[in-house]
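Structure assessment
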Amino acid sequence: MPTNILMPALSPTMEKGNLAKWLKKEGDTIKSGDIIAEIETDKATMEVEAVDEGILAKILVPDGTADVAVNEIIGVIAAEGEDVKAAAAPAKAEAPKAEAAPKAAAPTPAAEAPKASEAPKAAAAPTASTSGERPFASPLAKRLAKEAGLDLGKIQGSGPHGRIVEKDIEAAKAGGAAKAAPAAAPAAAPKPAAAPLAAGMSDEAVKKLFAPDSYEEVPHDGMRKTIARRLLESKQTIPHFYLTIDCELDALLKLRAELNAAAPEKDGKPAYKLSVNDMVIKALALALRAVPEANVSWTENTMLKHKHADVGVAVSIPGGLITPVINDACHKTLSQISNEMKDLAARAKNRKLKPEEYQGGTTAVSNLGMFGVKDFAAIVNPPHATILAVGAGEQRAVVKGGQLAVATVMSVTLSTDHRAVDGALGAELMQAFKGYIEKPMAMLV
Amino acid sequence: MADYDVIIIGSGPGGYVAAIRAAQLGFKTAIVEREHLAGICSNWGCIPTKALLRSAEILHYGQHAKDYGLKLEGTFTADLAAVVARSRGIAARMNNGVQFLMKKNKVDVIWGEAKLTKPGTIAVAPTKKPAMQPQVPPPKGAKGEGTYTADHIIVATGARPRALPGIEPDGKLIWTYFESMVPAKMPKSLLVMGSGAIGIEFASFYRTMGVEVTVVEVMPQVVPVEDAEIGAFARKAFEKQGMKILTGAKVTKVEKGADSITAHIEDEKGGKQTITADRMISAVGVVGNIENLGLEALGVKTDRGCIVIDDYCRTNVKGVYAIGDVAGPPMLAHKAEHEAVICVEAIKGLHPHAMDKLMIPGCTYCHPQIASVGLTEAKAKAAGYELKVGRFPFVANGKAVALGEDSGLVKTIFDAKTGKLLGAHMVGAEVTELIQGFVVAMNLETTEEELMHSIFPHPTISETMKESVLDAYGKVLNA
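Residues numbered from 1 in each chain as written. Chains lettered and ligands numbered in written order. Predicted model: local features only at pLDDT ≥ 70, side-chain atom pairs only at ≥ 80, totals over all residues.

1. A look at the overall build of chain B
Secondary structure assignment for chain B yields 14 helices and 24 strands. For chain B, with 479 residues in total, the buried portion stands at 49%. Long-range contacts, defined here as pairs at least 24 residues apart, represent 66% of the contacts in chain B between residues at least 6 apart. (Helix = DSSP H or I, 4+ residues; strand = E, 2+ residues; numbered from the N terminus. Buried ≥ 20, exposed ≤ 12 C-beta atoms within 10 Å, placed from the backbone. Contact = placed C-beta atoms within 7 Å.)

See the structure below:
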């Protein structure tokens, strides 16, 4: 019996969305779990996963159709052995509903990649900087770059040992990348005022820099595209500034050990096992409650002052990352936060999160401490106005009362949307956060 | 599993270098040769002709001893048989050298004619082509006929003299470079058809040896690939030596006598004349050896007598590669060698840089020598560049004058906008040894500034190179 593929709802409130692209053609065999289409809303792009097996008999809503109502029939799957033509007509209304399950595609990626090696790189690995270091470039390339107003530090060399040669400059000019100070660069063509940002190098220009067989080309999946689009947009449109503060962890670690030791048994296992990150989530939520002016979102016309502190937490998953949200974290106990986080992270890794579980949030936490990262700056994930980048807790020499002492110290950096949160306000938030981390008992009351 | 990782068909400068590089990179390698290790270059081309030309050069100096304040008593003449024997001896040394290199690098030599029977497989049959004599015998321990397999097969079969219909070389009255290299006796007069590198080198050799030489060139200048100014300069020098040169002229018909030929020649304006000479050399270019290799059956793409390859010497058929003359112009040994390395390194996955054909220098060993790299002035203009052109004559160079070699010219061509060195062209003594300076400069993408900043040693002919650069920017010192 043919089954209908229905327009999925990406969130409980979604009424319609765009059918961006079919990834299967009519006549293609479909296995359960295949990605058959991409659906877009203004917030996210999601992949539609097939639940049934069979043959895609008919596509009823073509690629690029905007405003498709939720539960509208977008296609029909014929079961194996079924007459595809006969099945091409939509099944009766009684047919099982919602045969398509939305699959998480990182609609709200957190601000940074999970591993340092995957951190968004600069347009090209700089072979030389503009800081006066001798650039590794041919004399002709240097002269051409100067004339074109290009920064050699932003151009990848294709010559021997990565030397920048003439054709790299030509490629950079063609790709529009690596412009140096705007004043030095006579505009090649007038650009619309609305799009003042440089496009990256063209695909061809990038590929030309490598031997044809020296790489494998992997098409972007929905998550990668979403991460790229949103982070580029964030970094280009949000005026970031950064505040770094050191927090002493010894009291928190002691409390955590005591709390974990006191965890009651449940089904033969401790009822909870708190992590430092769980306590960071709670501390940030409490800090936002204490400094409510920082718990905001910027819109062009108004400031949204949030009544709850909802903390998104970046979770690295294969092929990207996603930020499930601990809603109203200041009113949850540490054990609640901890258990909720474990469940969300596990389901995130299996791409089983519901959209409402990773959308929204009023701030975010990204923790790379487990990789030994000391300190880093994350990219704000709008509509948040802040994101807290958490480094490793490590023993450091500190000075206390004029004496050298050893303390476990964790550096955290708050990235802030300056339109919504000014410097002093961000500093106040960090002070409050540090207070909770260093006097963690306050989190329990 | 295949018998070899890499089999190379042809052991000329492309093939044997590919074999060495492949062996160095750990490939199990074999090379197939049907006639002579080291190819035309060492046996019947570049090297033995340089030996002949050296003899001619020394003869020339002997004849001009008094220019240097020297007195030669008695006679100073060429012993033709000895001159040729010396040239053959040098060819044999090169041949032995390659034999040694194959052994040293543990490359199997397979003797015979190879044919691709299917992808990855060649059949080797005994050589059918009658070999030009004298010939160095095949190396001991060479494998023979049979079927051999390899993951990668590199075709490096080279090229052979082009024959014009109706004027085909017969080896007796009409020579190719083969016969030209081993004359039994000196002809009194010689007609050379074609003034490219091969034609003009033989014209120069025979003229110096005292033969009446007429060169017929269909293009408007001698050495047609060279810059027009260099061609004109060389022509004057040749004519001063007593060479007759007809440009824009075509040999339409050749009548053979008992011990002479009569060539019917027509110029551009329709003017006709006949020239009778003892012998004639046909030097109208070379064509790739693409026949009887099984290329058609495998669907290997060819174009105008050459195998079509990409930047890494790959043909359109997986596992089949081509390098050197058979893979298209410029048909030069050093181009073949460079392709050999690119080809093998790409097979190994080493990401070699593709070759820029504009950076391939060309050298002609006539007297005076000619050497060049990059664009000629005409080609640079046609490419739309705005130019800065510099010139410097040898007559203003102390070393050249001291050597008694004051006839020469260096010409450099720069892009006026960027200072990029687009081309360098030289005629005069030892310029074939000097051109590499400009080749390196171009490869490093130097501009006029670095060249002007470089210190050239005094006294050398190389100073003419720097002066030419200075001249392009109005800063010449010694002229």
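From this point, things continue past the structure.
2. A short note on the overall build of chain A
Counting secondary structure elements, chain A contains ten helices and 21 strands. Across the 445 residues of chain A, 39% fall into the buried class. Excluding contacts between residues fewer than 6 apart, the proportion of contacts in chain A whose partners are at least 24 apart in sequence is 67%.

3. Focus: the sheet that holds strand β6 (residues 54–59) of chain A
In sheet architecture, strand pairing relies on hydrogen bonds along the backbone and comes in two forms, parallel and antiparallel. All names here are of chain A. Strand order in the open sheet made by the four strands is β1-β8-β6-β3, with antiparallel pairing throughout. The two strands at the open ends of the sheet, each matched to only one other strand, are β1 (3–6) and β3 (29–30). Inspection of the sheet shows β6 paired to strand β8 (residues 73–78) by four bridges, in the antiparallel sense. Within the sheet, the bridge partner assigned to I55 lies in β8 and is A78. (Pairing = 2+ DSSP bridges.)

4. Looking at the confidence of the model for chain A
Residue and element names in this part refer to chain A. Averaged over all residues, the pLDDT of chain A equals 81, while 81% of them reach at least 70. Note on residues 93–131: pLDDT under 50 across the span, and 127 contacts to partners over four residues away in sequence or across chains. Note on residues 180–196: pLDDT under 50 across the span, and nine contacts to partners over four residues away in sequence or across chains. (pLDDT = per-residue confidence, 0-100.)

5. Considerations on the UniProt feature "binding site: FAD" (unreviewed entry) in chain B
Residues and elements named next belong to chain B. What UniProt calls "binding site: FAD" (unreviewed entry) maps, in this numbering, to K50, D325, M331, L332, A333 and H334. Turning to its location among the elements, L332 is positioned in the loop between β19 (320–322) and α9 (333–348). The partly exposed category is assigned to L332, around which 19 C-beta atoms lie within 10 Å. Not counting residues up to four positions away in its chain, the partners in contact with L332 are I360 and G362. (UniProt positions renumbered as here; feature names shortened; annotations may be inferred.)

6. A closer look at the sheet that holds strand β19 (residues 363–367) of chain A
Residues and elements named next belong to chain A. The sheet built from six strands is open, its strands ordered β10-β21-β20-β19-β15-β18 with mixed pairing. This sheet does not close on itself; its edge strands, each paired only once, are β10 (240–248) and β18 (325–326). Against the sheet, helix α7 (residues 276–290) makes contact with β15 (311–313), β18, β19 and β20 (386–400), and its axis sits at roughly 155° relative to β19, the strand it touches most. Sitting on the sheet, helix α10 (residues 423–438) is in contact with β10 and β21 (403–417), with an inclination near 25° to β10. (Axes fitted to C-alpha atoms, helices over the stretch in contact; angles between N-to-C directions.)

7. Points about the interface of chain B and chain A
Of the residues lining the interface, eleven residues belong to chain B; the matching set on chain A comes to eleven residues. Looking at the side of chain B that touches chain A residue by residue, the classes come out as one nonpolar, six polar and four charged. (Nonpolar A, V, L, I, M, F, W, Y, C, P; charged D, E, K, R; others polar.)

8. Some words on the environment of I169 of chain A
Residue and element names in this part refer to chain A. Its place among the elements puts I169 in helix α3 (residues 166–175). Looking at I169, the number of C-beta atoms within 10 Å reads 27, which means it is buried. Spatially, the C-alpha atom of I169 lies 6.3 Å from that of A145, the residues being 24 residues apart in sequence. Other than its neighbours up to four places away in sequence, I169 contacts A141, L144, A145, A148, L150 and I155.

9. Some points on the nonpolar core
Counting residues in each nonpolar core, the largest one holds 142 residues, and the members touching the most others are I7, A18, V155, I323 and C343 of chain B. In terms of residues, this core owes the most to one element, α9 of chain B, which gives nine residues. Discounting residues that sit within four places of it in the chain, A18 of chain B has contacts with I8, I154, A156, I323, A340, C343 and V344 of chain B. Counting residues in each nonpolar core, the second largest holds 57 residues, with V311, I379, L388 and A389 of chain A among its members. (Core = buried A, V, L, I, M, F, W, Y, C linked by C-beta atoms within 7 Å.)

10. Some details on the environment of A402 of chain B
Residues and elements named next belong to chain B. As for its position among the elements, A402 is in helix α11 (residues 398–403). Classification of A402 by C-beta neighbours within 10 Å gives exposed; the count is 10. Separated by 57 residues in sequence, A402 and P459 have C-alpha atoms that sit 9.7 Å apart.

11. Some words on helix α5 (residues 222–237) of chain A
All names here are of chain A. Compared with an ideal rise of 1.5 Å per residue, which puts 16 residues at 22 Å, α5 spans 22 Å between its outermost C-alpha atoms and is within 8% of the ideal. What α5 keeps buried is the set G222, M223, T226, I227, R230 and S234. End-on view of α5: buried residues confined to an arc of 130°, all on one side of the axis. Counted as exposed and oriented over 90 degrees from the buried face of α5: R229 and Q236. (Expected span 1.5 Å × (residues − 1). Arc of directions from axis to C-beta.)

12. What about unusual backbone geometry?
The step from Q133 of chain B to P134 of chain B runs through a cis peptide bond, and the omega angle for that step is -5°. With respect to the secondary-structure elements, P134 of chain B resides in the loop between β5 (121–125) and β6 (146–155). Cis peptide bonds are those with omega within 30 degrees of zero, and the linkage from P329 of chain B to P330 of chain B qualifies with -5°. Looking at the secondary structure, you find P330 of chain B in the loop between β19 and α9. One non-glycine residue with positive phi stands out, namely D67 of chain A, at about 55°. Note on placement: D67 of chain A falls in strand β7 (residues 65–69). Of the residues examined, D67 of chain A has 9 C-beta atoms within 10 Å and is grouped as exposed. Backbone geometry places E430 of chain B, a non-glycine residue, at a positive phi of 60°. You can see E430 of chain B is positioned in the loop between β24 (421–428) and α12 (431–443).

13. A closer look at the packing of helix α2 (residues 139–148) of chain A against α3 of chain A
Residues and elements named next belong to chain A. Between α2 and α3, the shortest axis-to-axis distance is 8 Å and the interhelical angle comes to 20°. Put simply, α2 runs roughly parallel to α3. Residues L140, A141, L144, A145 and A148 of α2 pack against E166, D168, I169 and K173 of α3. Residues of the contact of α2 with α3, tallied by class, amount to six nonpolar, no polar and three charged. (Parallel < 35°, antiparallel > 145°, perpendicular 65-115°, else oblique.)

14. Thoughts on the pairing of strand β13 (residues 261–267) of chain B
Residue and element names in this part refer to chain B. Relative to β13, strand β12 (residues 249–256) runs antiparallel, the two being bridged by seven bridges. Bridge pairing links V251 to I265 in β13. In textbook terms, the turn of a hairpin is the stretch between consecutive antiparallel strands, and for β12 and β13 this stretch comprises four residues. As judged from the six bridges shared by β13 and strand β14 (residues 272–277), these two strands associate in the antiparallel manner. Looking across to β14, one finds that H264 is bridged to T274. The hairpin turn running from β13 into β14, its antiparallel successor, is four residues long, and G270 in that turn takes a positive phi close to 90°.

15. Side note on the pairing of strand β15 (residues 279–282) of chain B
Regular strands show a simple pattern: their side chains alternate between the two faces of the sheet. Residue and element names in this part refer to chain B. A two-sided burial pattern is seen for β15, the buried positions comprising R279 and I281 on one face and M280 and S282 on the other. Strand direction decides the pairing type here: strand β8 (residues 174–175) and β15, joined by two bridges, are parallel. Bridging across to β15, W175 finds its partner in I281. In terms of strand pairing, strand β9 (residues 189–193) meets β15 through four bridges, oriented parallel.

16. A closer look at the packing of helix α3 (residues 46–63) of chain B against helix α6 (residues 197–208) of chain B
Residues and elements named next belong to chain B. In contact at an axis separation of 9 Å, α3 and α6 are set at 35° when each is read in the N-to-C sense. For the pair α3 and α6, the crossing hand works out as left-handed. Here T49, L52, L53, A56, L59 and H60 of α3 lie close against α6, whose contacting residues are E201, F205 and T208. Of the residues assigned to the contact of α3 with α6, the class counts are five nonpolar, three polar and one charged. (Left-handed = near helix turned anticlockwise from the far one by under 90°.)

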